[in-house]
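# Structure assessment
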Amino acid sequence: MKKVFILMGAGISAESGLKTFRDANGLWENFKVEDVASIEGFEKNPKQVHEFYNMLRPQMDKALPNAAHIAIADFEKRADISLYLVTQNVDLLHEKAGSKNVRHMHGRIDETVCLKCGHVIKTPEKSAFDDVCDKCGAKGYLKPNIVFFGEMPMFMDEIENELKSCDVFVAVGTSGVVYPAAGFVQEAKYYGAETYLFNLEYIENNYYFDHQILGKASETLPAFLQKL
Ligand code: OAD
Ligand code: ZN
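What comes next concerns the included structure. A quick note: this is a predicted structure, and the numbers were derived from the prediction, not measured.

### A closer look at the site of ligand 1
As a matter of local geometry, ligand 1 sits amid 24 residues, with A10, E15, R22, T174 and S175 nearest to it. Between ligand 1 and E15 there is a distance of 2.7 Å, counted from a nitrogen atom to a side-chain nitrogen or oxygen. F21 is positioned with one of its backbone polar atoms (N or O) 2.8 Å from an oxygen atom of ligand 1. Relative to its unbound accessible surface of 800 Å², ligand 1 loses 97% to contact with the protein. Looking at the shell around ligand 1 residue by residue, the classes come out as nine nonpolar, ten polar and five charged. Each of two domains, domain 1 (1-17 + 65-106 + 153-228) and domain 2 (19-62 + 107-146), supplies a minimum of three residues to the shell around ligand 1.

Here it is, written out as structure tokens:
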């Protein structure tokens, strides 16, 4: 059975109306990464960090999956392939499209974690730093369950194994600047996978992608997955 590893980035959610991070007018043009997505920023001003994700949450709640999300959900159902789907996105558009097994390596917008005991809860409409943890009762330790710069992404052991054993590696809508995700293609290729990038823009000097397919993921990805 063909093993397919798919790594998603913000580009796939752009067509559902969510902002990417580094494109023109992207999130990081309007907010400082170090303020709202770094562990140092969180230590300095946790209130501001909670407010940022409280602002994003309703936009993500409203967004609807597009043709690329739906094509991936259909792909997962196929009996002749085995799909391992990793997303860097914290939105839940894959789940809304019907994907069953999604690894959110950078966390999820609908979760809050207690830094004292590690307990993860579903975020109510808004989260606040000084809410009390359901499990350990500590106050002042809650953080959006989103991986910040300075923290380790989730599922890394499992991801390593999947990169080593996949036959096809596909990255979609990701600028390839945030590690470790940006290094996955190199590893997959090293272990023998055929590698593809579906992106709006060409990534220069990347020797690890065998194929770079330019265009909107909603237009390029469905046909490709059908042929695989
Ligand atoms: P970026 O914003 O860095 O890159 C998005 C990429 O998607 C760009 O290369 C665009 O060309 C491409 N793109 C835009 N629209 C597209 C479309 N319709 N079809 C195909 N491609 C399209 O986003 P990421 O690479 O996902 O971390 O960013 C990685 C991480 O940086 C994020 O997960 C986030 C951020 O800091 C956290 O929030 C933890
Ligand atoms: Zn706790």
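Read on, since the account is not over.
### Focus on the environment of A171
For A171, the position within the fold is in strand β7 (residues 168-172). Discounting residues that sit within four places of it in the chain, A171 has contacts with L7, Y196, L197, F198 and F209.

### Some remarks on the coordination of the zinc ion (ligand 2)
Only C114 (SG), C117 (SG), C133 (SG) and C136 (SG) from the protein coordinate the zinc ion (ligand 2), and they sit 2.3 Å from it. Coordination at the zinc ion (ligand 2) comes from four donor atoms whose angles at the metal span 107 to 111°, giving a geometry best classed as tetrahedral. Donor residues binding the zinc ion (ligand 2) come from one chain and are separated in sequence as C-x2-C-x15-C-x2-C. Linking C114 in strand β4 (residues 107-114) with C136 in the loop between β5 (120-122) and β6 (142-146), this pair joins segments that are 22 residues apart in sequence.

### Describing the packing of aromatic side chains
All chains considered together, the criterion is met by 13 aromatic pairs. Ring centres of F5 and Y84 lie 5.4 Å apart, and the angle between their planes is 55°; this geometry places the pair in the tilted category. One end of the pair, F5, is in strand β1 (residues 2-8); the other, Y84, is in strand β2 (residues 81-87), and 79 residues separate them in sequence. Judged by relative accessible area, which is 0%, F5 ranks as buried. By relative accessible area, which is 8% here, Y84 ends up buried. Every member of this aromatic cluster is reached through a ring pair, and the members are F21, W28, F31, F42, F52, Y53, F129 and F148.

What counts and how
- Numbers given for residues are sequential positions, taken from 1 along each chain in its written order.
- To label them, take the chains in the order written and letter them from A, then take the ligands in the order written and number them from 1.
- Given that the model is predicted, a residue must reach a pLDDT of at least 70 before its local features are reported, and side-chain atom pairs must reach 80 or more before they are shown or counted; all residues, however, enter totals for whole chains, interfaces and linings.
- Water and hydrogen atoms were dropped before computing side-chain values, which therefore reflect all heavy atoms in the structure.
- Summary of the distance rule: residues count as near a molecule or strand when at least one heavy atom falls within 4 Å of that molecule or strand.
- Polar contact is defined as a pair of N or O atoms within 3.5 Å, subject to the rule that within protein one atom must be able to donate a hydrogen and the other to accept it, and that residues adjacent in sequence are counted only when both atoms are side-chain atoms.
- Only the protein chains shown count as cover for residues, and all accessible areas are computed by the Shrake-Rupley method using a 1.4 Å probe.
- Under the convention adopted here, Pro, Cys and the residues Ala, Val, Leu, Ile, Met, Phe, Trp and Tyr are nonpolar, Asp, Glu, Lys and Arg are charged, and Gly plus all remaining residues are polar.
- Residue ranges assigned to each domain were obtained from an automatic or database domain assignment.
- Each helix is a run of H or I in the DSSP string that is no shorter than four residues. Each strand is a run of E no shorter than two, and both are numbered from the N terminus.
- Every residue pair with non-hydrogen atoms within 4.5 Å of one another is taken to be in contact.
- Coordination here is defined by N, O and S atoms within 2.8 Å of the metal (3.2 Å for Na, K and Ca), and since water is not considered, a site can look incomplete.
- Every geometry call rests on angle ranges, with four donors termed tetrahedral when all angles are between 85 and 135 degrees, four termed square planar and six termed octahedral when opposite donors are over 155 degrees apart and all others are between 65 and 115, and everything else termed irregular.
- Pairing of aromatic rings covers Phe, Tyr and Trp, the last through its six-membered ring, and needs centres within 6.5 Å; plane angles under 30 degrees mean stacked, over 60 mean edge-to-face, and all others mean tilted.
- Only protein chains enter the calculation, and the probe is 1.4 Å; a residue is then buried if its accessible area is under 20% of its type maximum, exposed if over 50%, and partly exposed in between.

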